[in-house]
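Listed here are the chains, written in short residue letters.
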Amino acid sequence: MSTVPENLRYTETHEWVENIGGGRYRVGITEHAQELLGDLVFVELPAVGGQIRVGNPCGVLESVKAAADLYAPISGTVEEVNEALGENPQWLNEDPHGRGWIMVINADAGAWDGLLDAAAYARIAGV
Amino acid sequence: MSAGEAVAVAVHRTPLDDWHRAHGARMVPFAGWEMPLHYGSQLAEHEAVRNGAGFFDVSHMRPLDISGPDARTLLRYALANDVARLDGQNGKALYSTLLNAQGGILDDLIVYARGDAGYRVVLNAGTAQADTAHFRNLVVAHGWQVDLRERPELAMLAVQGPRARALAAEALDLPLLNALPSFTAMEGHALGGVFVARTGYTGEDGVEVILAAEQAPILAERLRDRGAVPCGLGARDSLRLEAGLNLNGQDMSPAVTPWESNLGWTVDLRGERDFLGRGALEAQRAAGVRRTLVGLVLDEGIPRHGYAVEDANGRRCGEITSGIFSPSLRRGIALARVTDAPHAGGRLWVSVRGVRQPALVVKPPFWRAGHAHFSPSKEKSS
């Protein structure tokens, strides 16, 4: 069973978003997503300082078998990316809510209001 | 079609279905079967087979026993390779393609000689039914006396890796396995009777074991107790691709011939043997075969099924049929069907998500016996 932490919000495309205050949101993929993808071997991260738009692809995740797009869960500016994933893509499998975080987005307050809560995501993902 | 009108698809479950679920397998549909994709980590399973031993449930592959006075005649006509190579060699195995009259590939299979009992062929899951009907049609059309016997009561496990044969010998109480020659089968008395062949689909040593369905979980337990790692379809795919082995339905189909699939070696044109597809194959070879299946190795980017392959001028000349990140080589590798491909050592380009990535052309396999099987050979191409 995948864990779906209550303090996070989610997208239907299996990203999680954490409100870390000051209009900053940390983003990653869910435990369910990494289970679907299998062993991650390559991560293409968005450029720091770049603008991303909700629902648009902003990165690439490749497992041994498949390539998947990373979708922007909210619109904003990429403030920080987890560069260490380049060398350690397996962190996305091992610790998707922790060491496997992907980026921090600077956005307007309330940007995550439209996202799914844990219960809604768990229902959609069937976990 | 509205919701609720989903087409009913029969899903087959192997005799190890409960075992897989109890051992944490992630199950996925494959060719009409529910099969394990992995039991936690495809990479760890891949490594286990390269460095130790792993085992796969391959019960979706279907044994078909072919016997009767005209069994040899049927197979000499139906297969591109010649089962006459097996005459007098009880237990010997032969890999072959099964072709249609146009030389297109219906399936690839291994045929085992079983002395007076005739032959056993092992068919791919997705094509087994059609193959069996094809054999039956040939038998009827020619009036041959052949008995075709499907074996739904049998299961199949592949035990693969440098330690696989020794582990299987212990698990099956069959020490003779340690002396079994490559591409040969033997039978044992363990677990109600087993058929064990030194064959596989990983590029490693190992065996494939055919046994009664109800005995399969017992063998799985014995193998696991001895340190063999259960492996899913994910690792099976990355291992076979590193070994340069085609996947039917993906790297080949009825639309292509063995010449176009790096399988010319399965076509035995010696003598006058009349076999299905021979005329078409000879005509295609006489006209010149421009389309071939080549191996590609990339330094950057991971090639995927369907990606375009381009020549030096940026012209599209083919596409990737199978592509993965190779766990053993730590880079992208692929099989690609390409028109007028350069020789091994030459360059092609793969369009990876909009970026043109250079690729080295190689002759598969990519990996053999513990090391990379290609050389970058930059000195030759400069």
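Residues numbered from 1 in each chain as written. Chains lettered and ligands numbered in written order. Predicted model: local features only at pLDDT ≥ 70, side-chain atom pairs only at ≥ 80, totals over all residues. Heavy atoms only, no water.

Contact residues are listed per partner, giving 14 residues for chain B and 14 residues for chain A. Both sides of the chain B and chain A interface together cover about 1200 Å² of buried area, and 49% of this is carbon and sulfur. Sorting the residues of chain B by area buried against chain A places Arg-26, Arg-304 and Arg-353 of chain B first, and these three jointly supply 42% of that buried surface. Connecting chain B to chain A are two salt bridges. Summed over the shared surface of chain B and chain A, the number is eight residue pairs in polar contact (both at pLDDT 80 or more). Counting residues per element, the ones that place at least two in the side of chain B that touches chain A are helix 2 (42-51), helix 7 (233-242) and strand 17 (316-326) of chain B. A breakdown of the residues in the side of chain B that touches chain A according to their chemical character gives six nonpolar, four polar and four charged. (Contact = heavy atoms within 4.5 Å. Buried area = accessible area lost by both parts, 1.4 Å probe. Salt bridge = Lys/Arg side-chain N within 4 Å of Asp/Glu carboxyl O. Polar contact = N/O pair within 3.5 Å; in protein donor to acceptor, adjacent residues only side chain to side chain. Helix = DSSP H or I, 4+ residues; strand = E, 2+ residues; numbered from the N terminus. Nonpolar A, V, L, I, M, F, W, Y, C, P; charged D, E, K, R; others polar.)

Now for the sheet that holds strand 7 (residues 67-71) of chain A. Paired through backbone hydrogen bonds, the strands of a sheet run either parallel or antiparallel to each other. Residues and elements named next belong to chain A. The antiparallel open sheet is built from three strands, whose spatial order is 4-6-7. Each of the sheet's edge strands pairs with one partner strand only, and the pair in question is strand 4 (40-44) and strand 7. Direction aside, neighbouring strands of the sheet carry axes that sit 25° apart on average. Of the strand pairs in this sheet, strand 6 (residues 57-63) and strand 7 are connected by five bridges, and their pairing is antiparallel. The residue of strand 7 that forms the bridge with Gly-59 is Leu-70. (Pairing = 2+ DSSP bridges. Axes fitted to C-alpha atoms, helices over the stretch in contact; angles between N-to-C directions.)

The next subject is the domain arrangement of chain B. Residue and element names in this part refer to chain B. With domains assigned, chain B is organised as domain 1 (12-59 + 153-242), domain 2 (62-148) and domain 3 (290-381). Taken together, the contact between domain 1 and domain 3 spans ten residues of the former and twelve residues of the latter. At the boundary of domain 1 with domain 3, total buried surface from both sides reaches about 900 Å², with 59% on carbon and sulfur atoms. Three residues stand out in domain 1 for area buried against domain 3, namely Leu-43, Leu-241 and Glu-242, and they jointly supply 61% of the buried area on that side. Run the count over domain 1 and domain 3 and you get zero salt bridges. (Domains from an automatic or database assignment.)

Below, the discussion takes up the side chain of Asp-65 of chain B. Residue and element names in this part refer to chain B. Position of Asp-65 relative to the elements: it lies in strand 5 (residues 62-67). A distance of 2.7 Å separates a polar atom in the side chain of Asp-65 from a polar atom in the side chain of Arg-151. With residues up to four places along the chain from it excluded, the contact list for Asp-65 reads Arg-114, Tyr-119, Arg-120, Asp-147, Leu-148, Arg-149 and Arg-151.

To continue, consider the packing of helix 2 of chain B against helix 7 of chain B. How two helices pack is summed up by the angle between their axes together with the distance between the axes. Residues and elements named next belong to chain B. Taken N-terminus to C-terminus, the directions of helix 2 and helix 7 make an angle of 50°; their axes are 8 Å apart at the nearest point. As judged from the angle between their axes, helix 2 and helix 7 are oblique. Note that helix 2 runs across helix 7; the crossing there is right-handed. Contacts from Gln-42, Glu-45, His-46, Val-49 and Arg-50 of helix 2 reach helix 7 at Gly-234, Ala-235, Ser-238, Leu-239 and Glu-242. A class-by-class count of the residues in the contact of helix 2 with helix 7 yields three nonpolar, four polar and three charged. (Parallel < 35°, antiparallel > 145°, perpendicular 65-115°, else oblique. Left-handed = near helix turned anticlockwise from the far one by under 90°.)

All right, on to the environment of Glu-153 of chain B then. All names here are of chain B. Here Glu-153 is to be found in the loop between strand 9 (147-150) and strand 10 (154-160). Among the residues examined, Glu-153 registers a relative accessible area of 35% and is labelled partly exposed. Sequence-distant contacts of Glu-153, that is, excluding residues within four places in its chain, are made with Leu-211, Ala-212 and Ala-213. (Buried < 20%, exposed > 50% of the residue type's maximum accessible area, 1.4 Å probe, protein only.)

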